Amino acid sequence: MDIILIGAGGHGKVVLDIVRCEGKHRVVGFLDADPSLHGSTVAGVPVIGGVNQLLKLKSQQKVRGAIVSIGDNRVRQQYAKEAADAGLELASAIHPRATVAPSAVVGPNVVVAAGAIVCPEAKIGASSIINTASVVDHECVLGEAVHVCPSATLAGRVSVDDYAFVGMGAMVLQCLSIGARCVIGAGAVVRGDLPPDCTAVGVPARIVKRVT
């Protein structure tokens, strides 16, 4: 399937590489909000214009699908909605060197990077990122637009709500709940449930900020 990638930054380069390695789709171009990138190329792929080009690309039958290749959780989910509203199929990208159990459920617009492991009966919500060498263990449930950063580990039966961010190398112990929009700092070890809209850092992780 011919697809467009939305987001031509660093994460866009990673997603492009995953799509090429996977070999299921052909990337015909990038869309990006930065006008200075329009007309340029990224790894040989043209940056066609902004997200306002989605309807035009669909109507001209130049693409059938899209992946939003942006790291920011909220922006990624918003652009995914715009792509779906334009009638494009939201594809996912799973690196061939990632391991995804047959019983795992992976939603649309999900990126699973090289070396990542998604274990049996895990559920990955739409527009989530399971980044390089991260682990989502058995029966974890991730909401929409979650980002599990490189080398982070979610032990078995962890629940992570929408828009949460699990920083690089962080560890979340088994059977815990991570609230919506929660931010877990790099290298943190989470030993208890975390409420929504908080930032937790350290070993063991402690809440250092709450958004009310």
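Now for a quick tour of the structure. Quantities reported herein were computed from a predicted structural model and do not represent experimental measurements.

**Quick notes on the side chain of Asn73**
Counting through the fold element by element, Asn73 comes out in helix H3 (residues 73-85). The class for Asn73 is buried, based on a relative accessible area of 8%. Among the polar contacts listed, one links the side chain of Asn73 to the side chain of Arg76, at a separation of 2.6 Å. At a separation of 3.2 Å, a polar atom in the side chain of Asn73 contacts the main-chain carbonyl oxygen of Ala145.

**Brief notes about the sheet that holds strand E23 (residues 189-190)**
With respect to topology, six strands assemble into an open sheet ordered E8-E11-E14-E17-E20-E23, the strand pairing being parallel. In this open sheet, the two edge strands, each paired with only one partner strand, are strand E8 (99-100) and E23.

**Things to note about the environment of Ala122**
Secondary-structure assignment places Ala122 in the loop between strand E11 (117-118) and strand E12 (123-124). The class for Ala122 is buried, based on a relative accessible area of 0%. The spatial distance from the C-alpha of Ala122 to the C-alpha of Ala152 is 16 Å, given a sequence separation of 30 residues. Residues within four places of Ala122 in sequence aside, it is in contact with Ser103, Ala104, Val105, Val136, Asp137, Glu139 and Cys140.

**Description of the packing of aromatic side chains**
In the structure shown here, the tally under the stated rule is zero aromatic pairs. Lying across the ring of Tyr163, Arg74 places its NZ or CZ 5.2 Å from the centre.

**What to know about H3**
Over its 13 residues, H3 extends 18 Å from the first C-alpha to the last, a length consistent with the 18 Å expected when each residue adds 1.5 Å. Three or more residues of H3 are buried, namely Asn73, Arg76, Gln77, Tyr79, Ala80 and Ala83. One face of H3 carries all of its buried residues, which in axial projection span an arc of 165°. When the buried face of H3 is taken as reference, the exposed residues oriented beyond 90 degrees from it are Arg74 and Asp85. Of the residues that open H3, the one with a side-chain oxygen 3.1 Å from the backbone nitrogen of Arg74 is Asp72. With its phi angle positive at about 90°, Gly87 sits one or two positions after the end of H3.

**With respect to the side chain of His147**
Position of His147 relative to the elements: it lies in strand E16 (residues 147-148). Owing to a relative accessible area of 8%, His147 belongs among the buried residues under this scheme. Engagement of the side chain of His147 in a polar contact is seen with the side chain of Asn131, the distance being 3.0 Å. Apart from residues lying up to four places away in sequence, His147 is in contact with Gly71, Asn73, Arg76, Ile129, Asn131, Ala164, Phe165 and Val166.

Parameters and conventions
- Residues numbered from 1 in each chain as written.
- Predicted model: local features only at pLDDT ≥ 70, side-chain atom pairs only at ≥ 80, totals over all residues.
- Heavy atoms only, no water.
- Helix = DSSP H or I, 4+ residues; strand = E, 2+ residues; numbered from the N terminus.
- Buried < 20%, exposed > 50% of the residue type's maximum accessible area, 1.4 Å probe, protein only.
- Polar contact = N/O pair within 3.5 Å; in protein donor to acceptor, adjacent residues only side chain to side chain.
- Pairing = 2+ DSSP bridges.
- Contact = heavy atoms within 4.5 Å.
- Phe/Tyr/Trp six-rings, centres within 6.5 Å; stacked < 30°, edge-to-face > 60°.
- Lys NZ or Arg CZ within 6 Å of the ring centre and 35° of its normal.
- Expected span 1.5 Å × (residues − 1).
- Arc of directions from axis to C-beta.

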